[in-house]
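Below, each chain spelled out in residue letters.
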Amino acid sequence: MQALRKIWFLALSTCTEGIRHRALWAIVCMAALLTMANLGVTTLYSWDLGKVSVEFGLSAVAFTGLLLVFFLGMKILADDLERSRIFMLLSRPVSIWQYLTGKFIGLAMILLLATIILGLSAALSMRYVLWLYAAFVPPDFSWLTCVMALVCQWLSLVVVLALSVLCFSFARQPFVALLLAVSSYLVGQNMELLRRVVVENPQAGALAGQEQLVVALSWIFPNLSLFDKKYEAAYGMAFSGQEFVLLCLYAISYSALLLYLATLLFRRKELA
Amino acid sequence: MTYPAIEINHLRKGFGSGRKKNQALSNLSLSIQPGEVFGFLGPNGAGKSTTIKLLLHFLKPDHGSLHILGKAVGQEEFRHRIGYLSEFPVFYDHLTAGETLLLSGRLSGMTRQAIDQRIPMLLERMNLTEAADRRVGGFSKGMKQRLGMANALVHDPAVLIFDEPMSGLDPVGRHQIKGLIAELKQEGKTIFFSSHILSDIEALCDRIGIIHKGVLLYSGGLRDFLVAGVGLEESFVQIIEEADRASFA
Ligand SMILES: Nc1ncnc2c1ncn2[C@@H]1O[C@H](COP(=O)(O)OP(=O)(O)OP(=O)(O)O)[C@@H](O)[C@H]1O
Ligand SMILES: [Mg+2]
């Protein structure tokens, strides 16, 4: 009970700190403008306007989220260590796991807020495009699927965030942590592709016959492409509630595991 | 059975490894009784801050043990009973002074009610009342130092560990901190602090420890240290020079 309260206070202050950061609003405003560019971009296409609009809107949200994780989130984490702000927190009865979890939840809340704001602005621009070109509205288009796709987008950001926390707990330099986090993000993003190439193609070069290895890898690195539901949203394809719940569970358990590992590594770290 | 407030036994700590190894502390033992004001002096790079970081388990010792109020550092929880002021207090730039203290109080397990009573009093004591709702990012060095002091005292701990509490303060601020330490002593708190300002040490401390290049040169009563007729400054310089000569010989 006490532990949960402490985590909550840490999360709340991290969130406040982030929200008052100018960088957050700069990125969010840029992104909101970007989603508005939807109006311009989609008119460049003479077919499938509706689909382009939906995909574009969701991509803008995804891209912004990544910027927020890698710049704002990592900056807040790095400053804690670099400027030894962490002393202020860890000189109190706060354990490492409470500290890391609190930070993680606080940053995830910032991401959620950004996702909601950008989701709304993307929805507005999508709404406008779909209204303007009613003929291009994808058949079976559903806002519910869009919202679910947006939530999945956020979940994938949360996994990337957990990954960054892990990188921080063993890298000595924040820059190295950033590099590690970005590269594991890229690997995670392409995991499904690699897996499919190797499993379905008997002539997959060096990795041929290494299906097991690749499958194992796809379990170690987060399979981020699973969370990419832009296509489903754009084409109004069915996206079952069951799959959605499974994805949520995957994101939560994967992040929890990463945070657990981060705690183990962090305990051995010297803070000076 | 009463425990010493702080007990350090055969502490060793080095940074780096191999030939580049820098032995920051070698075989340091200290014991500080409850209610004592202990001054920790030494030239720059002597190992004062390292000792303090080891006490809070920010650094892990290579050898030796540390106990605070009878609890083994790193194994048992004691942090709700100590207040710590770091050498360079850093806070969240975008939180206000009040919010910073609120977070600290909360993390130390205080109730909201107790915190709400204590914060205005501490801010007043540290001359920060006007700055209570300002963001800490805009504070001057001395203001941060004073906020750090308030932050260390928010949960009214029994043992206080200050790393250079007077640095960056104007003469009025220094005078206030001196008064505060004297007051805390009256209340029966144990205070362990490092400082370069010998006159403050002379005015406040019961006992002192002198450390140089990671070696404890002296620990004991302040009066016993002062060679008859000479001030603390002369005695301090003398013992450091002697140690340097001995290490060259
Ligand atoms: N994180 C670190 N990595 C490597 N060496 C360190 C580290 N921290 C301290 N040292 C070394 O340990 C020794 C003691 O440093 P420490 O900061 O404890 O000195 P100090 O007594 O607090 O000095 P000052 O009066 O300047 O604050 C120095 O030689 C320093 O170079
Ligand atoms: Mg120091």
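Residues numbered from 1 in each chain as written. Chains lettered and ligands numbered in written order. Predicted model: local features only at pLDDT ≥ 70, side-chain atom pairs only at ≥ 80, totals over all residues. Heavy atoms only, no water.

## Observations regarding the coordination of the magnesium ion (ligand 2)
Residue and element names in this part refer to chain B.
Okay, step 1: Distances from the magnesium ion (ligand 2) to its protein donors, namely S49 (OG) and E87 (OE), fall within the range 2.0 to 2.3 Å. With a gap of 38 residues between them, S49 in helix α1 (residues 48-55) and E87 in the loop between β6 (82-85) and α2 (97-107) connect regions that are remote in the sequence.
Okay, step 2: In this structure S49 comes out as buried when scored by relative accessible area, which is 15%. (Donors = N, O, S within 2.8 Å, 3.2 Å for Na, K, Ca; no water. Helix = DSSP H or I, 4+ residues; strand = E, 2+ residues; numbered from the N terminus. Buried < 20%, exposed > 50% of the residue type's maximum accessible area, 1.4 Å probe, protein only.)

## Some details on the sheet that holds strand β5 (residues 71-72) of chain B
For sheets, the rule is that strands pair by backbone hydrogen bonds, running either parallel or antiparallel.
All names here are of chain B.
Okay, step 1: Overall, antiparallel pairing links the four strands, which are arranged β2-β1-β4-β5 in an open sheet. Two strands bound the open sheet, and with one partner strand each, they are β2 (22-32) and β5.
Okay, step 2: Across five bridges, strand β1 (residues 6-15) lies against strand β4 (residues 63-68) in antiparallel orientation. Pairing of I8 across the sheet is with L66, part of β4.
Okay, step 3: In the packing of α1 onto the sheet, contacts are made with β1, β2 and β4, and the angle to β1 comes to roughly 115°. (Pairing = 2+ DSSP bridges. Contact = heavy atoms within 4.5 Å. Axes fitted to C-alpha atoms, helices over the stretch in contact; angles between N-to-C directions.)

## Focus on the interface of chain A and chain B
Okay, step 1: In this complex, chain A contributes 28 residues to the contact, which on the side of chain B involves 31 residues.
Okay, step 2: Where chain A abuts chain B, roughly 2900 Å² becomes buried across the two surfaces, and 58% of that area is made up of carbon and sulfur atoms.
Okay, step 3: The largest per-residue losses of area from chain A upon contact with chain B belong to R20(A), M88(A) and R92(A), which jointly make up 26% of the total buried on that side.
Okay, step 4: At the boundary of chain A with chain B, the tally comes to two salt bridges.
Okay, step 5: Of the charged contacts in the structure, one is a salt bridge between E99(B) and R20(A), with a shortest N-O distance of 2.9 Å.
Okay, step 6: Counting the contacts that link chain A with chain B gives 15 residue pairs in polar contact (both at pLDDT 80 or more).
Okay, step 7: Every element with two or more residues in the side of chain A that touches chain B is listed here: α1 (2-19) and α4 (86-90) of chain A.
Okay, step 8: The greatest single-element share of the side of chain A that touches chain B, amounting to seven residues, is contributed by α1(A).
Okay, step 9: Partitioning the side of chain A that touches chain B into residue classes produces 10 nonpolar, seven polar and 11 charged. (Buried area = accessible area lost by both parts, 1.4 Å probe. Salt bridge = Lys/Arg side-chain N within 4 Å of Asp/Glu carboxyl O. Polar contact = N/O pair within 3.5 Å; in protein donor to acceptor, adjacent residues only side chain to side chain. Nonpolar A, V, L, I, M, F, W, Y, C, P; charged D, E, K, R; others polar.)

## Some words on the packing of α1(A) against helix α5 (residues 96-132) of chain A
All names here are of chain A.
Okay, step 1: Where α1 meets α5, the axes come as close as 7 Å, and the angle between the chain directions of the two elements is 45°. Considered as vectors, α1 and α5 are oriented oblique to each other. α5 is crossed by α1, and the crossing has right-handed handedness. Facing A3, K6, I7, W8, L10, A11, L12, T14, C15, G18 and I19 of α1, the residues of α5 in contact are W97, Q98, Y99, T101, G102, K103, I105, G106, L107, M109, I110 and L113.
Okay, step 2: When its residues are assigned to classes, the contact of α1 with α5 shows 15 nonpolar, six polar and two charged. (Parallel < 35°, antiparallel > 145°, perpendicular 65-115°, else oblique. Left-handed = near helix turned anticlockwise from the far one by under 90°.)

## Here we look at the packing of aromatic side chains
Okay, step 1: For the coordinates displayed, the defined rule picks out eight aromatic pairs over all chains.
Okay, step 2: Through a chain of ring-to-ring contacts, the aromatic side chains of F87(A), F58(B) and Y84(B) assemble into a single cluster.
Okay, step 3: Taking the ring centre of F266(A) as reference, the NZ or CZ of K269(A) above it sits at 5.9 Å. (Phe/Tyr/Trp six-rings, centres within 6.5 Å; stacked < 30°, edge-to-face > 60°. Lys NZ or Arg CZ within 6 Å of the ring centre and 35° of its normal.)

## Considerations on the site of ligand 1
Okay, step 1: In the vicinity of ligand 1 lie 15 residues, with G45(B), K48(B), S49(B), T50(B) and E87(B) positioned nearest.
Okay, step 2: Ligand 1 sits at a junction of chains, with neighbouring residues supplied by chains A and B.
Okay, step 3: Taking N44(B), its side chain carries an N or O atom lying 2.9 Å from an oxygen atom of ligand 1.
Okay, step 4: Between ligand 1 and G45(B), the relevant distance is 2.8 Å, taken from an oxygen atom to a main-chain nitrogen or oxygen of the residue.
Okay, step 5: Computed on the free molecule, ligand 1 has an accessible area of 640 Å², of which 67% lies beneath the protein chains in the complex.
Okay, step 6: Of all elements in the fold, only β2 and α1 of chain B reach the threshold of two or more residues within the shell around ligand 1. (Near = heavy atom within 4 Å. Areas by Shrake-Rupley, 256 points an atom, 1.4 Å probe, with all protein chains shown as cover.)

## A closer look at the environment of G70(B)
Residues and elements named next belong to chain B.
Okay, step 1: Mapped onto the elements, G70 comes out in the loop between β4 and β5.
Okay, step 2: The spatial distance from the C-alpha of G70 to the C-alpha of E7 is 8.1 Å, given a sequence separation of 63 residues.
Okay, step 3: The residues touching G70, leaving out its near neighbours within four places in the chain, are Y3, P4 and E76.

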